[in-house]
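Structural overview for review
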There are 2 protein chains.
Amino acid sequence: MYNSANVAERQSQAPSLAISTVIFALRTDPSSGASEIWLPLVRRIRQPHLGKWALPGGPLGARESLQDAAARNLRETTALDPTYLEQLYAFGGLDRSATQRLVSIVYWALVRPDQADLARDSENVRWFRASEAVGLAFDHDEIVAYALERLRGKVTYGSVAYHFLGDRFTLAQLRGVYEAVLGKHLDPANFRRQLRSAQDIAATDEVLQGGRNRPPRLYRYTGP
Amino acid sequence: MYNSANVAERQSQAPSLAISTVIFALRTDPSSGASEIWLPLVRRIRQPHLGKWALPGGPLGARESLQDAAARNLRETTALDPTYLEQLYAFGGLDRSATQRLVSIVYWALVRPDQADLARDSENVRWFRASEAVGLAFDHDEIVAYALERLRGKVTYGSVAYHFLGDRFTLAQLRGVYEAVLGKHLDPANFRRQLRSAQDIAATDEVLQGGRNRPPRLYRYTGP
């Protein structure tokens, strides 16, 4: 796969450093009402992997912190400012790139549906269902899988679900987040019971605006 | 603090990449019987921060994965092979080093007391109580504090405590790990009750060897 000249060249170079960002949003299918995880990808406009889709990212600027570089990735790809942006993992395997030794520090961001709807596709940026984001450039398939795994772990005990939603949400919307992340149907009555005993969610006096006879109550997140 | 020539120089350089490793071990005070968290530090033998104590680490080798470099840090500092070695966080603030822009990917290792006893101090390596590891080179105070914080978080729900112990341990030894990590006394009876209802610990048929009338039973970890 690599000739010996390439290997020798790789050995002599200091590792290069890049920052990449996995940006997850929840989108609800208007017909089925089911929620799914989506992410934006950027089309490679140079070699290697010309034409393939890749996570947004690039070299770390000399005057940027890691977090600032990740926020820049987010802004350049989606025109959004981060509400949830966290370091995910540093990937530094020897053969991630055929042309250089590359270490990528990967961040992940969660954006809300109302934000994600604002982010339109452009020629070189397109939103994909996470389940369909395969055949990406470099080892980005693996990075997306790792991010989804972390997301599943976080959502089962943490506050991460709330970052997908707005300030106010119904229990059905919150269940939609859990179902999308965990990839399975949850019994509404059981879900409701478990959530009510959780400490970091509180009912408000407000209800969801709409034309229904019994509009559902809105909740808010009260945790850290 | 920095003159403008230094700042200009820093701006023009590509960021350098280093791997550092926080190595935690538990040591039990023979007189009080209390357990404490210790870590080995390396004395700086060149500028900057000449003579200060620092986390073991250095540049990433061209033919090393991140994990291999961290394992090498561990081996060079303690002559130990890792049993628990995990990526902690990448630190990349702008002013971590006055002489260059430096990004450090930090790993953490847990070693068992029987291993840590084998690791003797040498001229440039010394073990410190975590509570007394302050005034370190660069931002290593902050990194140690971050690692301790992560350790506390992990020990309250995860299997991390078991990595401090051998294959077999008494409930009192396990309580010692929790007490050392959380920094507080735990009621033995309550601890015992809670642990017995945990799913990932099982009693063995063995007891602790020693001269006592009622030698305590040995347990083993059965989780992932």
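Residues numbered from 1 in each chain as written. Chains lettered and ligands numbered in written order. Predicted model: local features only at pLDDT ≥ 70, side-chain atom pairs only at ≥ 80, totals over all residues. Heavy atoms only, no water.

You'll find chain A entered in an unreviewed UniProt entry as NUDIX hydrolase, with Arthrobacter pityocampae given as the organism.

Attention now moves to the pairing of strand β2 (residues 35–43) of chain A. Residues and elements named next belong to chain A. Sheet topology note: the strand β1 (residues 16–28)/β2 ladder contains 4 bridges and is antiparallel. Following the sheet pairing, L26 is matched in β2 by I37. Relative to strand β7 (residues 125–129), β2 runs antiparallel, the two sharing 5 bridges. Within β7, the position partnered with L39 by the bridge is F128. One ladder, built from 2 bridges, connects β2 with strand β3 (residues 53–54); its direction is antiparallel. Within the sheet, the bridge partner assigned to R43 lies in β3 and is W53. (Pairing = 2+ DSSP bridges. Helix = DSSP H or I, 4+ residues; strand = E, 2+ residues; numbered from the N terminus.)

Here we come to the confidence of the model for chain A. Summary statistics for chain A give a mean pLDDT of 85 and a share of 89% for residues scoring 70 or more. For the stretch residues 1–11 of chain A, pLDDT sits under 50, and the model shows 15 contacts to residues farther than four places along the chain or on other chains. (pLDDT = per-residue confidence, 0-100. Contact = heavy atoms within 4.5 Å.)

Let us now look at the side chain of N73 of chain A. Looking at the secondary structure, you find N73 of chain A in helix α2 (residues 66–78). Not counting chain neighbours up to four residues away, the residues in contact with N73 of chain A comprise I19, S20, T21, P56, G57 and G58 of chain A.

Relative orientation and spacing of two packed helices are given, respectively, by the angle between their axes and the distance between those axes. All names here are of chain B. Running from N to C, helix α6 (residues 171–182) and helix α7 (residues 188–196) cross one another at 100°; their axes reach a closest spacing of 11 Å. Comparing their axes, α7 and α6 come out roughly perpendicular. Residues L171, L174, R175 and Y178 of α6 lie in contact with α7, whose contacting residues are P188, F191, R192, L195 and R196. Across the contact of α6 with α7, the residue classes break down as 6 nonpolar, no polar and 3 charged. (Axes fitted to C-alpha atoms, helices over the stretch in contact; angles between N-to-C directions. Parallel < 35°, antiparallel > 145°, perpendicular 65-115°, else oblique. Nonpolar A, V, L, I, M, F, W, Y, C, P; charged D, E, K, R; others polar.)

Attention now moves to the packing of aromatic side chains. Residue and element names in this part refer to chain A. Tallied over the full model, the rule gives 16 aromatic pairs over all chains. An aromatic cluster is present here, built from Y89, F91 and Y146 joined pairwise through their rings. For the cation-ring pair, R27 lies above W38, with the distance from its terminal atom to the ring centre recorded as 5.1 Å. (Phe/Tyr/Trp six-rings, centres within 6.5 Å; stacked < 30°, edge-to-face > 60°. Lys NZ or Arg CZ within 6 Å of the ring centre and 35° of its normal.)

Taken together, the side chains of R192, R196, R214 and R217 of chain A define a basic patch exposed on the protein surface. Looking at the element boundaries, R217 of chain A is found in strand β9 (residues 217–221). (Patch = residues over 30% accessible without salt bridge, like charges linked within 9 Å, V, L, I, M, F, W, Y side chains within 5 Å. Areas by Shrake-Rupley, 256 points an atom, 1.4 Å probe, with all protein chains shown as cover. Salt bridge = Lys/Arg side-chain N within 4 Å of Asp/Glu carboxyl O. Lys, Arg positive; Asp, Glu negative; His and termini not counted. Charge placed at Lys NZ, Arg CZ, Asp CG, Glu CD.)

All names here are of chain B. With 12 residues, α6 ought to run about 16 Å at 1.5 Å a step, and its terminal C-alpha atoms sit 16 Å apart, in line with that. Counting buried positions along α6 yields 9 of 12 residues, so the element is predominantly enclosed. Burial in α6 covers these residues: L171, L174, R175, G176, V177, Y178, E179, A180 and V181. Positive backbone phi, at 70°, marks G183, one or two positions downstream of α6. (Expected span 1.5 Å × (residues − 1). Buried < 20%, exposed > 50% of the residue type's maximum accessible area, 1.4 Å probe, protein only.)

With that settled, the discussion passes to the relation of the copies chain A and chain B. For the match of chain A to chain B, the screw axis carries a shift of 0.0 Å, the RMSD comes to 0.0 Å, and the turn is 180°. A rotation of that kind, with that shift, is consistent with a two-fold axis. (Least-squares fit on C-alpha atoms with pLDDT ≥ 70 in both.)

Below, the discussion takes up unusual backbone geometry. Look at the link from Q47 of chain A to P48 of chain A: it is a cis peptide, with omega at -10°. Considering the arrangement of structural elements, one finds P48 of chain A in the loop between β2 and β3. In this structure, H49 of chain A is a non-glycine residue whose phi angle is positive, near 65°. Given a relative accessible area of 27%, H49 of chain A falls into the partly exposed group. In the Ramachandran plot, A79 of chain B falls in the positive-phi region, its phi being about 60° despite a non-glycine side chain. We classify A79 of chain B as exposed; its relative accessible area is 67%.

Attention now moves to the interface of chain A and chain B. With 23 residues of chain A at the contact, the number on the chain B side is 23 residues. Taking both sides of the interface into account, the surface hidden between chain A and chain B amounts to around 2,000 Å²; carbon and sulfur atoms contribute 58%. Broken down residue by residue, the surface that chain A buries against chain B is led by A62, R63 and Q87 of chain A, which jointly contribute 27%. At the boundary of chain A with chain B, the tally comes to 0 salt bridges. (Buried area = accessible area lost by both parts, 1.4 Å probe.)

All names here are of chain A. In a regular helix each residue adds 1.5 Å, so 13 residues correspond to 18 Å; α2 covers 18 Å between its end C-alpha atoms and thus fits that length. Looking only at α2, the buried set comprises L66, A69, A70, A71, N73, L74, T77 and T78. Two residues or fewer after α2 comes A79, characterised by a positive phi angle close to 60°.

Attention now moves to the pattern of salt bridges. Considering all chains together, one arrives at 18 salt bridges over all chains under this definition. Between K154 of chain A and E86 of chain A there is a salt bridge, with the nearest N and O atoms lying 3.3 Å from each other. Taken together, the residues span a long stretch of sequence, with K154 of chain A in helix α4 (residues 140–157) and E86 of chain A in strand β5 (residues 84–91) at a distance of 68 residues. The salt bridge partner of R175 of chain B is E179 of chain B, with a shortest N-O separation of 3.3 Å. Here R175 of chain B and its partner E179 of chain B are both found in helix α6, 4 residues apart, which amounts to about one turn of the helix.

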